[in-house]
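# Residue-level structural notes
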Amino acid sequence: MISTSIRRAIHFFMLFFLLLSIQSFAQTGRISGKVTTKEGNPLLGATVKIKSSAKATTTDAQGAFVLSDVPATGTLEISYIGYAEYEIRYTSGKEVNISLTESINMEDAVIVTGVFDRRKKLESSIAISTLSDAQISRIVPSSATDLLKNLPGVYVNSSRGEVSGAVYTRGLTVGGGFYYVSMQEDGLPVLAIAGSSATDPLFKPDGFLRADATIARVESVRGGTASILGANAPGGIFNYVSKAGGKKFAGEVRTRFGLEGNGKNPYYRGDLNFGGPLNKKGDVTYNVGGFYRYADGPKHPGYPLSYGGQVKGNIQKTYKSGSLKLYAKILNDHTAQFEFTPTLSYTNPKPAGSFTNSSSTIIQDVSFTVPGSIFSRAESVTWDAKKVSQFKDYSVGLNWEQRLGSGWTITNNARFSDKENLHIATAVVFPFRVDQATFYGVGGNIPRFGTYNFYDPASGKSYGSVQQLPPAGPGGIRFIPNNLNLPGSDILQNGLFYNPAAYGDIDYSEFIDQFMITKRLKNMSFTGGAYFASSHVTRTASGPLGQGFATIENRPKLVAIKYTDLRGVNYDLTDKNGIANYGGSGSGNNDAKPRQTAFFFGHNWQISDKLNFDWGVRYEMFNIKSTFTTAKRLADSKLGADGDSLTLYDSRVYTTNPENGFEKDVNTFSYSAGLNYKINEGMAVYTRFSQGRKSPDLGFFLDAANQQLTSNISAEAQDIKMLEAGIKIQKSKLNLFITPFYNIINNIPNFQIFQNPDATYYAPPRYYQKVETMGLELEANYEFSKNFSVRAVGVFQGAKALRYGVYLARTNGPQDDTLVTYHGNKLDNVPPVMVTIAPTYTVGKFYASVNYQYMGKRWANVANAFQLPSFHAADLNMGYTISKSVQLSASINNLFNTYGVMAWAAPGGFPASLDTQGYTPAMKAANENNIYSTLSILPRAYFLTVTFKF
């Protein structure tokens, strides 16, 4: 229910809008003109504004504009993303024609993302940044999220490849990858409700987001009004804006060849984008583009790691008082996530043994089919490593803008999409010893006494054997190796990689709509709006569809196992490929229907020529209804699915527990207010306070459901308070933005799942965390000359846990669970210094630039067991314009082939490797030479790009 105070506020806003609608300006002048490029092409959507007022409009498809009721004389400000801003004096009644010059510097761009009214940085009281098409085209990012490393205060972990990354802002790392931010495409979230698991890509938005030649720019808002204008995203909004067609036909083709994996693995890609008018008048335009990519990958597993692409397009009708845009996207792309590499040294991490930063640890080329009888269903399921994870997205949207006159404007952006992720991957690849109990426990082979013979399934070569024998005293079950000679003994003696074949099939269908109405007055504007998203998510997941055990080496080879019981009877524990335990832990199904409804209001008041005040509120209602089934294991089949009693890999049989379900509601109220003071035309300061509220993500509910813990779900919103300030300087050669910030996040639930002795699950008591972050963001661009400029972004920050605790499970059951607290410890994944510096030199038709990145050392976990060391990395980019139509560019990513650690897993092998927060300083001190696992930035890669513009 909406509280009485909120109902009164809504009534007040409605009355306020009615009063505003009868007001009008006392101006009488009129001015018209056109805005074009220096080549004469019209610019659609350029902003034309009367300086020092709220009077503004945008150009139509011909670049034309009209402003009525303006002063007799004054100054026009003309701006367009990717072009240098222009000012010109005007006289009422005379036509003004302006040509803009393309600029790689976006510091003075007008922003439309996350603001109540379109405005420039110098005029706004929020932290906003942009990347233009020109900037994007000069680098070769490894993923769409990798672009964001060029923005201040943004921590990006793209070490897993194109998908399953992580994006954090201002130290908001608790909760995982995209938990506090909204990844958007053309103004709407990529996923209405996303997830943030550090290892599971099924719910992450980056799986359905690709950057190609259709991207015009990336706009970002960090903190501030993101709480008001972003759906459940107090940390920030990142909006990837697509290109639109112009009055003249134009386009470009980019062909790129690369060598990834330190120059060993080929990469092929082609991008296309073109657009133009659909009628003689030029008020109906179109734009179409996309990409196709085929690559072995930076860590080549022996088969193509990435292949596929997307097609995007839009048609726009522009008329005197508005525009209507129909847009669509088809994505069908296959790509895999990388797994961890065995590593030595905590102070100077390097791949252990013969491993390098381009080694692959995911499963080899293998395919197997699990019969439906194992899951008590009609259809079988095939797992094929070469298919890797497949991401599909079929989307269509409609964006409408209507100027009603007298300062009124309404916009509505709606999109329907149908998405699917068929997740085929190797997960949690960690080593463990075959002469210890964990190996046999994971495979379900305790107490299956006898001899286990390990061999290469391709050649039949024996690796030796291990006997599992009953206890001969108080020492427990015995494991006795015999002539055991497994590859990778320099990493782990008598060890194998755990290579579970993860499988999941998830479908999203969702409808998102955002409506806004704005009233502009002489010195203020008012914006009200509503956001609605309805999703239907179904997931079928089996965890591992089968279990593989592989050699500890680059491109691990599956190891087959024969088992001989104490009577001398021989069994195949694995199939011909080396896959054991078809069906894994059974198949579970989720059916969830999340729904989000929000109302928001914002007021912007230009108190004087120098002082601007804005504030906004958002009330959001989240509801989720979910039904689910979980797997129930029956007695193993004596004959197995194939009818052969001597094959054990297909003997597991599952059914499903009765369907269960739940419904949860979370309602949140957020607010934000800021002041901006313009000291002069080149300097301004601002301050802002925001309180954002954050509902749990989709993964929280589905994971809880899968463990049948719905009776213990307490779905509370987190509380995020942000205080920020800023100094903004824009001179002829210098753009400088300094933004101090302070955050406190409260009510962070610690959701853990433990096992009872009877193999059922329970949740320990909920412990709520509280953390704080303070820091300073920096964004600067300085032009030393017309040939040489330097852009720098960075953050200096510190984060600590004010209240933080986790439960440690000793044995199965809650009787000896222990709460360990880390109050006052530093947070993990928060580097105190993170800087990117990009000097660019241009002379004639040639340019060269370097993207230098410094990542400071940061704590590996909240227990503060050790610190991941700092590292330096650099990308080199060069280009030459051969002619007006042809440009050649070359890039070397990770120029020095730096091994920069971005993530880690604890020593001890599976499953101990998964518990990074449970790894303590005492454990590290006990063995400083432990081999653990890491994920690093991607290895050196070379790219050559030819761009043809027409």
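A quick note: this is a predicted structure, and the numbers were derived from the prediction, not measured.

## Focus on the overall build of the protein
Looking only at helices and strands, the protein has seven helices and 59 strands in total. Taken over C-alpha atoms, the radius of gyration comes to 29 Å for the protein, in line with the 30 Å a tight globule of 950 residues would show. Expressed as lengths along the three principal axes of its C-alpha atoms, the size of the protein is roughly 105 × 65 × 55 Å. Sorting the 950 residues of the protein into buried and exposed places 58% on the buried side. Long-range pairs, those at least 24 residues apart, make up 69% of the contacts in the protein between residues at least 6 apart in sequence. Of the roughly 36000 Å² that the protein leaves accessible, carbon and sulfur atoms contribute 56%. The positive charge centre, built from 92 side chains, and the negative charge centre, built from 74, are 6 Å apart in the protein.

## Looking at the sheet that holds strand β58 (residues 932–936)
Taken in spatial order, the four strands of this open sheet run β23-β22-β58-β57, and their pairing is antiparallel. The outermost strands of the open sheet, each flanked by one partner alone, are β23 (350–351) and β57 (901–905).

## Describing the pattern of salt bridges
A complete count under the given rule lists 37 salt bridges for this structure. A salt bridge links arginine 170 to glutamate 777, with the nearest nitrogen and oxygen atoms 2.9 Å apart. Highlighted residues: arginine 170 in the loop between β12 (166–169) and β13 (181–185) and glutamate 777 in strand β47 (residues 767–783), separated in sequence by 607 residues. Grouping residues by exposure puts arginine 170 and glutamate 777 together as buried. Each of Glu185, Lys312, Lys329, Asp393, Lys419 and Glu510 takes part in salt bridges that share partners, so that together they form one network.

## So, the side chain of aspartate 575
In this fold, aspartate 575 is placed in the loop between β35 (570–572) and β36 (579–580). Comment: no salt bridge for buried aspartate 575; closest opposite-charge side chain is lysine 576, at 7.7 Å. A polar contact is formed between the side chain of aspartate 575 and the backbone nitrogen of glycine 578, at a distance of 3.0 Å. Apart from the residues lying within four places of it in its own chain, the contact partners of aspartate 575 are Phe368, Tyr582 and Tyr649.

## Digging into the sheet that holds strand β2 (residues 47–50)
The sheet built from four strands is open, its strands ordered β3-β2-β5-β6 with antiparallel pairing. The sheet is open, and its two borders are formed by β3 (56–58) and β6 (83–91), each paired with just one other strand. Direction aside, neighbouring strands of the sheet carry axes that sit 20° apart on average. Here strand β5 (residues 73–80) pairs with β6 via seven bridges, running antiparallel. Bridge pairing in β6 links tyrosine 80 to tyrosine 83.

## Concerning the environment of tryptophan 605
Inspection of the secondary structure assignment puts tryptophan 605 in strand β37 (residues 588–606). Residue tryptophan 605 is classed as partly exposed on the basis of its relative accessible area of 33%. Between the alpha carbons of tryptophan 605 and leucine 521 there is a distance of 9.3 Å; along the sequence they are 84 residues apart. Filtering out sequence-adjacent residues up to four positions away, tryptophan 605 remains in contact with Asn523, Met524, Leu611, Asn612 and Phe613.

## Overview of the environment of serine 306
Locating serine 306 in the fold gives a position in strand β20 (residues 306–319). Taking the C-alpha atoms as reference points, serine 306 and aspartate 296, separated by ten residues in sequence, lie 6.6 Å from one another. Among residues more than four places away in sequence, those in contact with serine 306 are Glu162, Arg293, Tyr294, Ala295, His334 and Thr335. For serine 306, the side chain forms a polar contact with the side chain of threonine 335, separated by 2.9 Å.

## Observations concerning the environment of glutamine 815
Take glutamine 815: it is sitting in the loop between β49 (805–808) and β50 (818–821). For the pair glutamine 815 and asparagine 756, spaced 59 residues apart in sequence, the C-alpha separation works out to 9.9 Å.

## Side note on empty space enclosed by the protein
Evaluation of the coordinates by the stated rule reveals nine cavities of 30 Å³ or more. Forming the walls of the second largest cavity are 19 residues, and the residues nearest its centre are Val181, Ala192, Ile193, Ala194 and Ala231. When residues of the lining of the second largest cavity are assigned to their parent elements, the largest contribution, three residues, is made by β13.

## Looking at the nonpolar core
Counting 60 residues, the largest nonpolar core has Trp383, Val434, Phe439 and Phe454 as its most contacted members. If one sorts the elements of this core by residue count, strand β32 (residues 495–520) sits on top with five residues. Of all hydrophobic cores here, the second largest spans 43 residues; its members include Leu151, Val181, Phe238 and Phe628.

## Notes on the packing of aromatic side chains
Geometry of an aromatic ring pair is reported as the spacing of the ring centres plus the angle between the planes. Tallied over the full model, the rule gives 42 aromatic pairs. Between the aromatic rings of phenylalanine 866 and tryptophan 904, the centroid separation amounts to 4.9 Å while the plane-to-plane angle is 75°, which identifies the pairing as edge-to-face. With a gap of 38 residues between them, phenylalanine 866 in the loop between β53 (858–859) and β54 (867–868) and tryptophan 904 in strand β57 connect regions that are remote in the sequence. Centroid distance phenylalanine 866 to tyrosine 919: 6.5 Å. Interplanar angle 80°. Geometry classified as edge-to-face. With phenylalanine 866 in the loop between β53 and β54 and tyrosine 919 in the loop between β57 and α7 (921–926), this pair connects stretches of sequence that are 53 residues apart. Relative accessible area serves as the criterion here: at 4%, phenylalanine 866 is assigned to the buried category. The ring of phenylalanine 291 carries arginine 269 above its face, with NZ or CZ at 4.1 Å from the centroid. Sitting above the plane of the tyrosine 179 ring, lysine 694 keeps its charged end 4.1 Å from the centroid.

## Focus on the pairing of strand β24 (residues 367–370)
Judged by which residues are buried, β24 turns out to be one-sided: Phe368 and Val370 face inward and are buried, whereas Ser367 and Thr369, on the alternate face, are not. Sheet topology places β24 next to strand β25 (residues 381–384); four bridges connect them, and they run antiparallel. By the bridge assignment, phenylalanine 368 is partnered in β25 with tryptophan 383.

## A word on the confidence of the model for the protein
When pLDDT drops low, the exact placement of atoms in the prediction is not to be read closely. Averaged over all residues, the pLDDT of the protein equals 88, while 92% of them reach at least 70. Contacts of residues 12–27 to residues separated by more than four positions or lying in other chains number 27 contacts, the stretch itself having pLDDT below 50.

## Digging into a nonpolar patch on the surface
Taken together, the side chains of Leu278, Ile315, Leu324, Leu326, Val396, Leu398, Trp400, Phe416 and Phe511 make up a nonpolar region of the molecular surface, amounting to roughly 760 Å² of accessible area. Among the elements of the structure, β21 (322–335) and β26 (389–405) are those that each provide at least two residues to the nonpolar patch. Take the nonpolar patch: its biggest share by element is three residues, from β26. Residue classification places isoleucine 315 among the partly exposed residues on the basis of a relative accessible area of 40%.

## Let's talk about unusual backbone geometry
Of all residues except glycine, most have a negative phi; of all peptide bonds, most are trans. Here the bond from isoleucine 446 into proline 447 is cis, since omega is 0°, no more than 30 degrees from zero. Summarising the element assignment, proline 447 is placed in the loop between α5 (437–442) and β29 (450–455). Residues other than glycine seldom take positive phi values, yet aspartate 186 does so here, at roughly 55°. With respect to the helices and strands, aspartate 186 occurs in the loop between β13 and β14 (188–189). Here the phi dihedral of asparagine 864 falls at roughly 55°; this positive angle occurs in a residue that is not glycine. Here asparagine 864 lies in the loop between β53 and β54.

Procedures and definitions
Residues numbered from 1 in each chain as written. Predicted model: local features only at pLDDT ≥ 70, side-chain atom pairs only at ≥ 80, totals over all residues. Heavy atoms only, no water. Helix = DSSP H or I, 4+ residues; strand = E, 2+ residues; numbered from the N terminus. Rg over C-alpha atoms; globule rule 2.2 N^0.38 Å. Buried < 20%, exposed > 50% of the residue type's maximum accessible area, 1.4 Å probe, protein only. Contact = heavy atoms within 4.5 Å. Areas by Shrake-Rupley, 256 points an atom, 1.4 Å probe, with all protein chains shown as cover. Lys, Arg positive; Asp, Glu negative; His and termini not counted. Charge placed at Lys NZ, Arg CZ, Asp CG, Glu CD. Pairing = 2+ DSSP bridges. Salt bridge = Lys/Arg side-chain N within 4 Å of Asp/Glu carboxyl O. Polar contact = N/O pair within 3.5 Å; in protein donor to acceptor, adjacent residues only side chain to side chain. Axes fitted to C-alpha atoms, helices over the stretch in contact; angles between N-to-C directions. 1 Å grid on protein atoms, 1.4 Å probe; cavity = no way out; pocket = protein on both sides within 12 Å on 5 of 7 lines; lining within 4 Å. Points joined across faces, edges and corners; volume = space filled by probe spheres on them. Core = buried A, V, L, I, M, F, W, Y, C linked by side-chain atoms within 4.5 Å. Phe/Tyr/Trp six-rings, centres within 6.5 Å; stacked < 30°, edge-to-face > 60°. Lys NZ or Arg CZ within 6 Å of the ring centre and 35° of its normal. pLDDT = per-residue confidence, 0-100. Patch = residues over 30% accessible without salt bridge, like charges linked within 9 Å, V, L, I, M, F, W, Y side chains within 5 Å.

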